[in-house]
Amino acid sequence: MGALAEVEPRAFRQALGQFATGVAVITAQAGDGSAIGLTMSSFNSVSVDPPLILFSIDRKAFSLQAMTEAKGYAVNILGRDQEHLSNKFAKALGDKWAAVEHTLGHMAAPLIAGALAHFECTPYAHYDGGDHVIFVGRVVRFSAYPANEPLIFFRGAYRGLQGTERSPEWPLPMHY
Ligand SMILES: Cc1cc2nc3c(=O)[nH]c(=O)nc-3n(C[C@H](O)[C@H](O)[C@H](O)COP(=O)(O)O)c2cc1C
């Protein structure tokens, strides 16, 4: 592979899709009191002391500004049976919250019922990530439900740990 200018975006996205991830929904309460939710595969752990996590949001996401202004947010790790929620929260401007069972956590960030784990965070840092903004959150509370199976995202398709493959509902223009 040559200089960076020669990186072909489609091939690059495809190569990035070789990295299997889980699927999370990032949630927060916007300044106007409405609930925000975005499907994210870019979640990762960062630090234990202090307890930090990260994810990166596309600069084109409608919720980006509200997320940068939020005083807190939550990471909801989706289970195998929550594929429909991944699709729902990946549709910009949709009615994302209809019939989504949840409670309110730190700074009124929604905690989605049935998630594998919740991480409630206060904003720690925002970094430039090119066409994305990198969010680092400091975890103030968490819960985990280890009995459930995770939802996996790999090569642009949903899978379970057993390897059964299903395409996402939403045609994704990105590498996620
Ligand atoms: C499996 C999956 C993973 C995704 N991961 C990310 C991600 O890491 N960062 C991102 O900005 N968008 C990601 N998306 C796309 C956003 O969920 C989508 O653009 C969403 O509509 C953004 O919400 P908004 O535009 O209403 O703010 C992902 C979508 C899917 C289906």
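These lines cover the structure that appears in this document, whether it is placed above or below. Remember, it's a predicted structure, so these values are computed and weren't measured experimentally.

Before going further, it helps to examine the overall build of the chain. Within the chain, the regular secondary structure consists of three helices and 13 strands. For 176 residues, the compact-globule estimate of 2.2 N^0.38 gives 16 Å, and the chain sits close to it at 16 Å. Counting only C-alpha atoms and orienting by the principal axes, one finds that the chain spans roughly 45 × 35 × 35 Å. In the chain, which comprises 176 residues, the proportion classed as buried is 41%. Here the analysis covers contacts within the chain between residues at least 6 apart in sequence; of these, 60% occur between residues at least 24 apart. Accessible surface for the chain amounts to roughly 9,900 Å². Of this, 57% is attributable to carbon and sulfur atoms. Computed over 14 positive and 16 negative side-chain charges, the inter-centroid distance for the chain is 2 Å.

Moving on, we get to unusual backbone geometry. Excluding glycine, residues mostly have negative phi values, and the peptide bonds linking residues are mostly trans. Here the bond from Asp 49 into Pro 50 is cis, since omega is 5°, no more than 30 degrees from zero. If you trace the backbone, Pro 50 turns up in the loop between strand E4 (44-47) and strand E5 (52-58). Here Met 107, not a glycine, exhibits a phi torsion of approximately 55°, which is positive. Positionally, Met 107 belongs in the loop between strand E7 (102-104) and strand E8 (110-112). A relative accessible area of 44% places Met 107 in the partly exposed class. A positive phi is found at Ala 108, a non-glycine position, where the angle reads about 65°. As for its placement among the helices and strands, Ala 108 is situated in the loop between E7 and E8.

The next point concerns the site of the ligand. With respect to spatial proximity, 22 residues lie near the ligand, and among them Thr 39, Ser 42, Ser 56, Asp 58 and Ser 63 are the closest. In this structure, Ser 41 approaches the ligand through a main-chain N or O atom, which is 2.9 Å from a nitrogen atom. Taking Phe 62, its main chain carries an N or O atom lying 3.0 Å from an oxygen atom of the ligand. Only strand E3 (35-40) and E5 provide two or more residues apiece to the shell around the ligand.

What follows is about the sheet that holds strand E9 (residues 117-129). Remark on secondary structure: sheet strands pair via backbone hydrogen bonds, oriented parallel or antiparallel. On the basis of which strands lie adjacent, the open sheet formed by seven strands has the order E3-E2-E6-E9-E10-E5-E4 and antiparallel pairing. Single-partner strands in this sheet number two, and they are E3 and E4. This sheet shows a mean twist of 35° between the axes of neighbouring strands, independent of strand direction.

Pairing in this open sheet of four strands is antiparallel, and the strands run E1-E11-E12-E13 from one edge to the other. Strands at the two margins of the open sheet, each flanked by one partner only, are strand E1 (21-22) and strand E13 (165-166).

Moving on to the packing of aromatic side chains. Under the counting rule described, the total for this entry stands at seven aromatic pairs. Pairing Phe 55 with Tyr 73 gives two aromatic rings, centres 5.3 Å apart and planes at 80°, and the pair type is edge-to-face. One end of the pair, Phe 55, is in strand E5; the other, Tyr 73, is in strand E6 (residues 73-77), with 18 residues separating them in the sequence. Across this residue pair, the class does not change: Phe 55 and Tyr 73 are buried. Between Phe 119 and Phe 142 the ring centres are 6.4 Å apart and the planes differ by 25°, which places this aromatic pair in the stacked class. Placement of Phe 119 in strand E9 and of Phe 142 in strand E10 (residues 132-144) is noted, with a sequence separation of 23 residues between them. Residue classification places Phe 142 among the exposed residues on the basis of a relative accessible area of 59%. Counting every residue linked through ring pairs, the aromatic cluster contains Phe 43, Phe 119 and Phe 142.

Definitions and cut-offs
Residues numbered from 1 in each chain as written. Predicted model: local features only at pLDDT ≥ 70, side-chain atom pairs only at ≥ 80, totals over all residues. Heavy atoms only, no water. Helix = DSSP H or I, 4+ residues; strand = E, 2+ residues; numbered from the N terminus. Rg over C-alpha atoms; globule rule 2.2 N^0.38 Å. Buried < 20%, exposed > 50% of the residue type's maximum accessible area, 1.4 Å probe, protein only. Contact = heavy atoms within 4.5 Å. Areas by Shrake-Rupley, 256 points an atom, 1.4 Å probe, with all protein chains shown as cover. Lys, Arg positive; Asp, Glu negative; His and termini not counted. Charge placed at Lys NZ, Arg CZ, Asp CG, Glu CD. Near = heavy atom within 4 Å. Polar contact = N/O pair within 3.5 Å; in protein donor to acceptor, adjacent residues only side chain to side chain. Pairing = 2+ DSSP bridges. Axes fitted to C-alpha atoms, helices over the stretch in contact; angles between N-to-C directions. Phe/Tyr/Trp six-rings, centres within 6.5 Å; stacked < 30°, edge-to-face > 60°.

These figures come from the coordinates and say nothing about function on their own.
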